[in-house]
Number of protein chains: 4
Amino acid sequence: KLDLGGIFPPLTTPFSPTQEVDYGQLEGNLRHYASIPFRGLVVLGSSGEFPLLAPRERLELVSRVRRALPRDRLLLAGSGCESTRATIELTGSMAESGADAALVVTPCYYRGAMSSAALVRHYTEVAEASPVPVVLYSVPANTGLELPLEAVLILAQHPNIIGIKDSGGDITRIGLIVHKTQQEDFQVLSGSAGFLLASYAVGASGGICALANVLGAPLCQLEHLCRQGRWQEARELQQRLIEPNAVVTRRFGIPGLKKAMDLFGYYGGPCRAPLAPLSPAQVEELRGTFSINGWL
Amino acid sequence: KLDLGGIFPPLTTPFSPTQEVDYGQLEGNLRHYASIPFRGLVVLGSSGEFPLLAPRERLELVSRVRRALPRDRLLLAGSGCESTRATIELTGSMAESGADAALVVTPCYYRGAMSSAALVRHYTEVAEASPVPVVLYSVPANTGLELPLEAVLILAQHPNIIGIKDSGGDITRIGLIVHKTQQEDFQVLSGSAGFLLASYAVGASGGICALANVLGAPLCQLEHLCRQGRWQEARELQQRLIEPNAVVTRRFGIPGLKKAMDLFGYYGGPCRAPLAPLSPAQVEELRGTFSINGWL
Amino acid sequence: KLDLGGIFPPLTTPFSPTQEVDYGQLEGNLRHYASIPFRGLVVLGSSGEFPLLAPRERLELVSRVRRALPRDRLLLAGSGCESTRATIELTGSMAESGADAALVVTPCYYRGAMSSAALVRHYTEVAEASPVPVVLYSVPANTGLELPLEAVLILAQHPNIIGIKDSGGDITRIGLIVHKTQQEDFQVLSGSAGFLLASYAVGASGGICALANVLGAPLCQLEHLCRQGRWQEARELQQRLIEPNAVVTRRFGIPGLKKAMDLFGYYGGPCRAPLAPLSPAQVEELRGTFSINGWL
Amino acid sequence: KLDLGGIFPPLTTPFSPTQEVDYGQLEGNLRHYASIPFRGLVVLGSSGEFPLLAPRERLELVSRVRRALPRDRLLLAGSGCESTRATIELTGSMAESGADAALVVTPCYYRGAMSSAALVRHYTEVAEASPVPVVLYSVPANTGLELPLEAVLILAQHPNIIGIKDSGGDITRIGLIVHKTQQEDFQVLSGSAGFLLASYAVGASGGICALANVLGAPLCQLEHLCRQGRWQEARELQQRLIEPNAVVTRRFGIPGLKKAMDLFGYYGGPCRAPLAPLSPAQVEELRGTFSINGWL
């Protein structure tokens with residue numbers, strides 16, 4: 001089975017000033033990331049503005065990243081759509097374009113109808129059809145929907161479903177998923193740098209963390225300390241990452257994440273509308289948050 | 001300005017047993033609706049499973065309905081996407097395909113970033129670019145996001161934004177929108193049959209109601225009674241519509257709505273996955289609800 | 001049965017500058033209210049800061065108001081506690097002190113355990129034991145809990161439960177409660193001035209409205225217009241009341257309500273801590289809101 | 001400063017079949033607990049049904065437990081009321097009755113008005129007046145309100161506020177509170193056994209866990225393993241505690257907790273109404289949950 005153990009940045013999608021995808025800047029960022037011991041990369045996660053991209057842009061992005069990425073690094077590609085059929089089709093295309101696994105977000109527009117049974121059926125059909133392994137993706141802050149524990153435990157038994165990215169931050173649930181899937185070789189990935197140490201403490205395998213776009217090396221170091229059982233050092237490092245993580249996620253979202261990338265020598269650039277740039281005061285708050293925690 | 005006064009069914013999209021769009025069945029339904037005094041029709045609203053349709057299916061649907069619809073009936077087409085640019089593009093295509101106005105749902109995946117300012121900017125850009133008038137669409141049950149009152153009041157001043165479909169059901173808010181936009185000739189449409197009378201009582205102009213797919217004539221009758229000030233009769237009719245409305249919306253969603261269409265001689269048929277058909281027990285509950293209120 | 005038809009102000013509790021109950025100021029307010037055609041008064045509702053009052057203060061308040069109130073005006077007293085036994089005991093004391101009916105808020109601290117069955121049992125025991133009729137009270141903004149429709153419909157059949165104050169503002173639900181309790185002679189009271197007209201339109205009997213502490217006469221006039229079927233005039237009046245209502249409830253709470261009372265010649269005075277006075281800027285916003293709607 | 005490091009059971013309050021406090025059964029439970037290495041006990045927490053107890057019952061409970069408890073074990077007593085003045089008074093009485101510290105829950109009925117500033121003022125006044133140290137208590141599942149981080153950080157600087165019981169389960173927030181109060185010698189207690197290991201991992205000092213009423217020794221063992229850095233063993237133990245914890249808290253509440261106490265040889269007994277006993281099927285689910293995790 002694919003080993004997901006480690007840190008993955010969910011890549012942002014660079015845009016030019018006219019909001020076209022800027023593949024050159026993307027490749028520039030990838031060159032910077034090459035020296036960081038990531039387990040792999042995620043394309044078209046929430047941080048990648050996937051809902052704001054056209055179908056052909058999505059495929060092109062996967063192809064480009066695949067070409068730039070050494071074969072020993074994993075490429076996960078977001079392929080979740082609202083309908084089961086579109087998800088199956090996009091997952092197939094992603095695999096053809098070089099994705100090692102598909103990260104499939106829960107459908108959510110009809111969340112009132114997304115019962116545990118409906119979601120189990122959806123993911124099972126996708127996993128049956130997919131040429132590559134499937135990673136579940138639960139991100140209630142975006143979808144207003146948590147993939148129910150009951151559904152996760154059923155889906156974990158499917159041979160082509162190998163893990164979950166859980167961005168909800170309910171550490172009790174994360175611990176319970178680890179516990180109840182011990183027989184399944186199912187891998188749990190923390191969906192945020194804010195609770196990465198805690199996730200490792202309860203048995204997670206790794207993390208897909210927006211902050212890794214900015215502070216990739218310290219996150220890999222945190223992973224290393226956790227794996228080695230150096231919890232005291234890990235805790236000190238984790239604590240300095242909570243506030244920086246908050247400003248690039250909940251507080252300022254992707255515009256904040258991209259601005260932080262700019263501050264750290266990567267290409268962040270603009271977002272696509274309706275995502276709006278930070279105000280100067282917000283930029284100062286962002287900078288101050290990294291600075292007070294010793295990163296700038 | 002386009003007069004939106006009256007009732008609009010947000011058409012369901014008929015699918016064949018293999019979940020392909022069945023245009024023949026659609027045209028059959030339209031023939032039935034021709035004798036009901038609707039103000040017009042909505043294509044690609046939430047009831048139309050728009051997020052489950054491919055781009056070319058969306059355009060084809062608008063063209064087909066336009067061709068089947070007399071010119072004195074309005075055609076509203078849903079054209080909201082997550083990005084501003086895609087919304088502008090799709091709105092243009094809808095207009096070319098014959099839509100009289102565009103119904104534009106709030107973007108929602110990045111709801112944490114959808115401030116009032118961001119939404120005002122989004123809708124303003126769409127309205128500037130759109131060849132047809134724009135109707136705002138706030139539906140928190142699906143989007144997890146209510147278009148803020150403050151944004152509505154600003155957008156109501158735009159000459160190409162002519163109204164709002166409000167499905168949230170907060171009657172105080174609906175009354176306030178009517179009150180604060182009196183100078184703008186802005187039209188408020190009730191987004192559900194459950195609070196249609198109350199919406200008329202506080203000054204709404206009409207309704208886009210899923211239940212109109214099933215009980216179109218009674219809804220037009222309710223509208224007629226409200227306009228004539230026959231409130232006692234209106235109330236009695238409204239009360240018999242609340243529970244049937246609930247089972248085709250919140251309780252059983254689109255699968256319930258389509259099953260009710262089947263029961264009333266229209267073509268409902270299956271939904272696209274991940275929306276799942278009702279169980280036999282649910283069908284009985286649905287039938288019982290229409291029956292106990294005197295409709296079956 | 002007790003006829004609840006009409007408007008009731010849920011009295012605020014006047015405090016001296018040292019936060020002691022000021023019965024003199026209370027009686028002053030009551031003299032002002034005597035000339036307004038209220039159906040009666042409510043003591044110890046949410047606006048009365050009941051959770052901030054000691055048991056003996058609660059009883060004293062009821063006695064004082066009863067003494068000051070003509071016999072043809074109803075006195076409703078809040079008597080809901082967290083335990084069933086305390087609620088029964090306080091309801092009995094309220095009746096002895098002169099209350100015509102008890103207004104019983106849902107217990108809420110253990111809201112996770114407040115199933116429909118648990119609430120039906122609670123209210124049934126209270127109603128069995130109470131020497132005066134019971135009015136249910138559902139106020140989710142304070143309790144985080146809505147008395148489920150199913151429970152309301154069962155409780156409406158109890159001979160000693162005569163109505164509900166519904167402050168949730170879901171007009172569909174209010175209409176449905178009216179509809180499903182037609183055989184029970186059950187009376188529905190709007191819990192807010194914001195949706196008073198809409199509540200009348202769907203069949204409510206009256207309202208218990210915080211704003212009646214400030215604008216009692218206009219609210220009685222609104223009730224009069226609704227009862228006479230003068231809906232156009234009613235609508236115009238209702239619309240001017242929505243924003244003033246919002247600032248004395250959701251926006252600024254009881255401190256806002258009391259400040260508005262001060263502005264209109266009643267005694268508002270301070271709240272008990274932890275409720276805090278408005279800032280000067282908030283007072284100006286409050287004043288402006290009444291002014292722009294033509295009340296100041 | 002008082003050292004809160006360790007595990008505290010928040011005692012349930014035993015009732016006789018007629019729902020009177022049964023002090024004899026309480027003392028029986030305390031004798032059992034004497035052999036478990038708890039840091040101390042909590043009286044009148046949420047698990048103690050404090051909102052369902054009369055004032056004199058509350059004081060009597062504190063006195064009785066104090067008398068039964070060795071002086072080297074801490075006694076924390078819940079003293080939070082809705083008003084600041086009542087909280088101050090009850091806190092004083094608790095101290096007189098022998099409490100070593102007061103556990104003060106956030107006021108919550110007027111949660112819309114409970115701004116960070118209002119809560120800072122409330123707790124500051126209570127801490128100023130209290131003869132014993134104050135522990136903050138944030139429990140959103142009951143109060144619908146989380147004590148804002150900003151307020152916690154300000155209050156942590158007060159010399160008479162020594163810690164917080166955080167039951168919300170947001171491990172990122174818990175880690176951040178530890179991090180931002182390092183200079184204050186402020187102690188963070190996990191409010192649940194579900195995230196106890198994770199809380200230790202991010203720097204908490206201990207836990208006040210309902211489950212400790214039932215599985216006190218394993219929880220003290222878990223604490224011991226965490227303190228010794230034996231994380232692998234700790235994790236295995238933690239994982240077996242998550243589901244048992246869930247059934248005595250979120251899933252079945254205090255009736256579930258008391259029934260589990262009965263199963264484990266303590267006196268659980270009935271709850272006060274409106275809390276209702278478990279159904280036989282629920283008892284079996286409860287028993288099965290402890291059994292499947294190896295505790296029965």
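Preceding this section is the structure that the text describes.
Bear in mind the structure is a predicted one, so any value in this text is a computation, not a measurement.

### Structural notes on the interface of chain B and chain A
Opposite the 36 residues of chain B that make contact, chain A presents 36 residues. Carbon and sulfur atoms supply 56% of the area buried between chain B and chain A, which totals about 2,700 Å² over both sides. Of all residues in chain B, B:Arg85, B:Tyr109 and B:Tyr110 bury the most surface against chain A, accounting for 29% of the area lost on that side. Seen at the junction of chain B and chain A, the total is 2 salt bridges. Close ionic contact of A:Glu20 with B:Arg85 constitutes a salt bridge, the shortest N to O distance being 3.2 Å. The interface formed by chain B and chain A contains 20 residue pairs in polar contact (both at pLDDT 80 or more). Broken down by secondary-structure element, the contributors of at least two residues to the side of chain B that touches chain A are helix H3 (84–96), helix H4 (116–129) and helix H5 (140–143) of chain B. It is H5(B) that provides the largest number of residues to the side of chain B that touches chain A, a total of 4 residues.

### Quick look at the relation of the copies chain C and chain D
Structural alignment of chain C on chain D gives an RMSD of 0.0 Å, achieved by rotating through 180 degrees and translating 0.0 Å along the axis. Such values leave the two copies arranged in the relation of a two-fold axis. Relative to the rotation axis, the closest C-alpha in chain C is found at C:Gly144, a distance of 3.2 Å. Of the interface residues in chain C, 100% have counterparts in chain D that sit at the interface too, so the contact is made through matching surfaces.

### Looking at helix H11 (residues 253–263) of chain C
Residue and element names in this part refer to chain C. Judged by how many residues are buried, H11 sits mostly within the fold: 8 of 11 residues are covered. Along H11, the positions that sit buried rather than exposed are Gly 253, Ile 254, Pro 255, Gly 256, Leu 257, Lys 258, Ala 260 and Met 261. Each element contacted by the buried residues of H11 is listed here: helix H1 (23–33), helix H10 (231–251) and helix H12 (280–292).

### Topic: the interface of chain C and chain D
Residue-level contacts link 36 residues of chain C with 36 residues of chain D. Summing both sides of the interface, chain C and chain D together bury roughly 2,700 Å²; the carbon and sulfur share of this comes to 56%. Summed over the three residues of chain C that lose the most area to chain D, namely C:Arg85, C:Tyr109 and C:Tyr110, the buried surface amounts to 29% of that side. Across the chain C-chain D interface, the total number found is 2 salt bridges.

What counts and what doesn't
- One numbering rule holds for all chains: residues counted from 1, following each sequence as written.
- Throughout, the order in which chains and ligands are written sets their labels, letters from A for the former and numbers from 1 for the latter.
- Given that this is a predicted model, residues contribute local features only at a pLDDT of at least 70 and side-chain atom pairs are listed and counted only at 80 or more, while totals for whole chains, interfaces and linings are drawn from all residues.
- For the side-chain quantities, the full set of heavy atoms in the structure was used; hydrogens and water were omitted.
- Any two residues whose heavy atoms approach within 4.5 Å are treated as being in contact.
- By definition, the buried area sums, over both parts, the 1.4 Å-probe accessible area that each loses when the two are put together.
- Salt bridges are defined as contacts in which a side-chain nitrogen from Lys or Arg sits within 4 Å of a carboxyl oxygen from Asp or Glu.
- We define a polar contact as two N or O atoms separated by no more than 3.5 Å, with the added condition that, inside protein, one atom must be a possible hydrogen donor and the other a possible acceptor, whereas residues neighbouring each other in sequence contribute only through side-chain atom pairs.
- Labels follow the DSSP assignment, with helices taken as runs of H or I lasting at least four residues and strands as runs of E lasting at least two, numbered in each case from the N terminus.
- When the copies are superposed, the least-squares fit takes in the C-alpha atoms of residues with a pLDDT of at least 70 in both.
- Type-normalised accessible area, obtained with a 1.4 Å probe on protein chains alone, sets the label of each residue: buried when under 20%, exposed when over 50%, and partly exposed for intermediate values.

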